[in-house]
Amino acid sequence: MKIVVGDGNILPYREQFEDGLPDDADVIWVVPFDEARVLAELPDADVYVGGKFSAAMGAAGSRLKMVHVVGAGTDNVDRSGLSPDVEVCNTFHHEQSIAEYVVSATVMLRRNFLVQDRALRAGVFSTAVYDSSIPQPLSLVDARIGFVGFGHIGKRTWKLFEAYGAHGAAVTGSGTAADVGLEWLSSTADLGKLMHWSDVVVVSAPLTDSTRGMIGEDELSSLGSGGILVNVGRGPVVQEQALFDALAGHTIAAAAIDVWYQYPGADGVGRPSTLPFADLDNILMTPHSSGVTHHTFVGRVADVAANISRL
């Protein structure tokens, strides 16, 4: 069995990965990812492991039986070149790490710690203790947390928020989810209601035709000037220009954005958007790193190797 790996995130776990494979496995590592090299290896490959899979790769991999993404989202897999009987698999294990990110980012923004950090570097103690014009910030007790999407990430994140004494609600595509103590749950038809109800909105919905651009100017206006948006799903679920305008015009208070509208090449250098989000002072910008921890990838590597063994 020939396995081509084009995902550098699992290279640190190479020994664990290869130890979990069938005895006849021949693993070709194309790390960093280079599509030309991958194309050269695919014609006699049985499995491809990686986050990006183009139509050209599908055409080259005529013997492929499985494409395995080392993550949850399969939106970067172009299935147009794949035979219908090729298994396209994913894996999770990121929910705890992302939940920690969401809660910590919310605390940072809700308590104005980013503003305070920048001010103190300039010698200013930017707090209500020294400046009566600055309001005392809010804790998470009784905060209303709204979830757009309520799968693995939403459920784990809600457990952490619940421990702080917050209230939760969610909208999902189906309008259903497990009963885990939310105040209410509905379909995405009630997205506007959720945005208006929430103090903090956590976006963890996958990117599909129905979710692309689902949060725009109207929804952000409903969240309001005290509201915080945290996006750990996919960037284009939130309309790019609408998000920038809402932050620049203080239609919403702040945002933590971990998923973007543009991504770099293998060198990791590139702007996340054509818009100047970096000029804003009310945004926490992170490079799609909320789920990137040792905990996440130990679990993912075990899943990928197990699925290949099942194949």
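Chains are numbered independently. Their residues run from 1 in the order of the written sequence. Given that the model is predicted, a residue must reach a pLDDT of at least 70 before its local features are reported, and side-chain atom pairs must reach 80 or more before they are shown or counted; all residues, however, enter totals for whole chains, interfaces and linings. Water and hydrogen atoms were dropped before computing side-chain values, which therefore reflect all heavy atoms in the structure.

Novice: Can you walk me through the pairing of strand E6 (residues 144-148) in this structure?
Specialist: In the case of a regular strand, side chains alternate between the two sheet surfaces. Counting buried positions along E6 gives 4 out of 5 residues, so the element sits mostly inside the fold. Strand pairing is assigned whenever DSSP detects at least two bridges linking the two strands. The way it works is that DSSP assigns letters per residue, a run of H or I at least four long becomes a helix, a run of E at least two long becomes a strand, and they are numbered from the N terminus. Sheet analysis places E6 next to strand E7 (residues 167-172), joined by 5 bridges and oriented parallel. Across the sheet, residue phenylalanine 147 finds its bridge partner in E7, namely alanine 170. With its strands directed away from the observer, a crossover is right-handed exactly when the path from the first strand over the helix to the second travels clockwise. Note that the unit made of E6, helix H6 (residues 152-163) and E7 has a crossover that is right-handed. With 4 bridges joining them, E6 and strand E9 (residues 200-203) adopt parallel strand pairing. Among the inter-strand pairings, valine 148 is bridged to a residue of E9, identified as valine 203. Residue burial is assigned from relative accessible area. The probe radius is 1.4 Å, only protein chains are included, and a residue is buried under 20% of its type maximum, exposed over 50%, and partly exposed in between.

Novice: Help me out: how do you make sense of the environment of phenylalanine 277 in this one?
Specialist: Turning to its location among the elements, phenylalanine 277 is positioned in the loop between strand E11 (254-257) and strand E12 (283-285). Since its relative accessible area comes to 1%, phenylalanine 277 is described here as buried. Taking the C-alpha atoms as reference points, phenylalanine 277 and leucine 64, 213 residues apart in sequence, are found 41 Å from one another. What phenylalanine 277 contacts, discounting residues up to four positions off in sequence, is Glu240, Leu243, Phe244, Leu247, Trp260, Ile283 and Met285. By definition, residues are in contact when any of their heavy atoms lie within 4.5 Å.

Novice: Sorry, what's going on with the nonpolar core here?
Specialist: Soluble, globular proteins show a tendency: their nonpolar side chains are buried together. The biggest cluster of nonpolar side chains holds 33 residues, and the ones touching the most others in it are Val148, Ile215, Leu229, Leu243 and Phe277. For this core, the secondary structure elements donating two or more residues are E7, helix H7 (191-197), E9, helix H8 (217-223), helix H9 (240-248) and E11. At 5 residues, H9 tops the list of elements feeding residues into this core. Other than its neighbours up to four places away in sequence, leucine 229 contacts Val201, Val203, Leu220, Leu223, Val238, Leu243, Ile252, Ala254, Ala255, Ala256 and Ile257. Throughout this description, the term nonpolar core refers to a set of buried Ala, Val, Leu, Ile, Met, Phe, Trp, Tyr and Cys residues connected via side-chain atoms within 4.5 Å. Grouped together as the second largest cluster of nonpolar side chains are 26 residues, Phe147, Trp158, Phe161 and Val202 included.

Novice: How should I be thinking about a nonpolar patch on the surface in this particular structure?
Specialist: What makes a patch is a set of residues exposed beyond 30% relative accessible area and free of salt bridges, joined within 9 Å when like-charged and within 5 Å when nonpolar (Val, Leu, Ile, Met, Phe, Trp, Tyr). For the area figures, the Shrake-Rupley method with a 1.4 Å probe applies, and any residue is considered shielded solely by the protein chains shown. Whenever Lys or Arg places a side-chain nitrogen within 4 Å of a carboxyl oxygen from Asp or Glu, that contact is recorded as a salt bridge. Together, Leu120, Phe125, Val129 and Tyr130 make up an exposed nonpolar region whose accessible area comes to about 500 Å². With respect to the secondary-structure elements, valine 129 resides in the loop between helix H5 (113-121) and E6. Judged by its relative accessible area of 67%, valine 129 is exposed.

Novice: I tried to follow the sheet that holds strand E10 (residues 228-231) on my own but got confused; where do I start?
Specialist: Hydrogen bonding along the main chain pairs the strands of a sheet, whether they run parallel or antiparallel. In spatial order, the strands read E8-E7-E6-E9-E10-E11-E12; together these 7 strands make up an open sheet with parallel pairing. Only two strands of the sheet have a single partner each, and these edge strands are strand E8 (184-187) and E12. Along the sheet, successive strands turn relative to each other by an average axial angle of 15°, direction set aside. What counts as an axis is a line fitted to C-alpha atoms, over the stretch in contact for a helix, and the angles between N-to-C directions run from 0 to 180 degrees.

Novice: Explain the packing of aromatic side chains to me, please; I cannot follow it from the model alone.
Specialist: Each aromatic ring pair is characterised by the separation of its centres together with the angle its planes make. Pairing of aromatic rings covers Phe, Tyr and the six-membered ring of Trp, with a centre-to-centre limit of 6.5 Å; geometry is then stacked below 30 degrees between planes, edge-to-face above 60, and tilted otherwise. Enumeration over the complete set of coordinates arrives at 9 aromatic pairs. Relative to phenylalanine 53, the ring of tyrosine 48 has its centre 5.7 Å away and its plane inclined at 50°; by these criteria the two rings are tilted. Taking the relative accessible area as the measure of exposure, tyrosine 48 reaches 0% and is therefore buried. Ring geometry for tryptophan 184 and tryptophan 197: centres 6.0 Å apart, planes at 80°, overall edge-to-face. Highlighted residues: tryptophan 184 in strand E8 and tryptophan 197 in helix H7, separated in sequence by 13 residues. Through a chain of ring-to-ring contacts, the aromatic side chains of Phe244, Trp260, Tyr261 and Phe277 assemble into a single cluster. Criterion for a charge above a ring: Lys NZ or Arg CZ within 6 Å of the ring centre, and within 35 degrees of the ring normal. The residue whose ring lies beneath lysine 193 is tryptophan 184, and the NZ or CZ to ring-centre distance is 4.3 Å. Its guanidinium or amino end placed over the ring of phenylalanine 297, arginine 300 lies 5.1 Å from that ring's centre, counting from NZ or CZ.

Novice: How should the pattern of salt bridges be read in this particular structure?
Specialist: Side chains carrying opposite charge are able to pair once their charged atoms draw close together. Within the structure shown, the criterion is met by 8 salt bridges. With its nearest N and O atoms 3.2 Å apart, the salt bridge here joins glutamate 18 to arginine 14. Here glutamate 18 pairs with arginine 14, and both are found in helix H1 (residues 14-19), just 4 residues apart, close to one helical turn. Classification of glutamate 18 by relative accessible area gives partly exposed; the value is 31%. Take arginine 14: its relative accessible area is 38%, and that puts it in the partly exposed class. A salt bridge links arginine 121 to aspartate 117, with the nearest nitrogen and oxygen atoms 2.8 Å apart. In this pair, arginine 121 and aspartate 117 both sit in helix H5, 4 residues apart, roughly one turn of the helix. With relative accessibility at 37%, the residue aspartate 117 sits in the partly exposed group.

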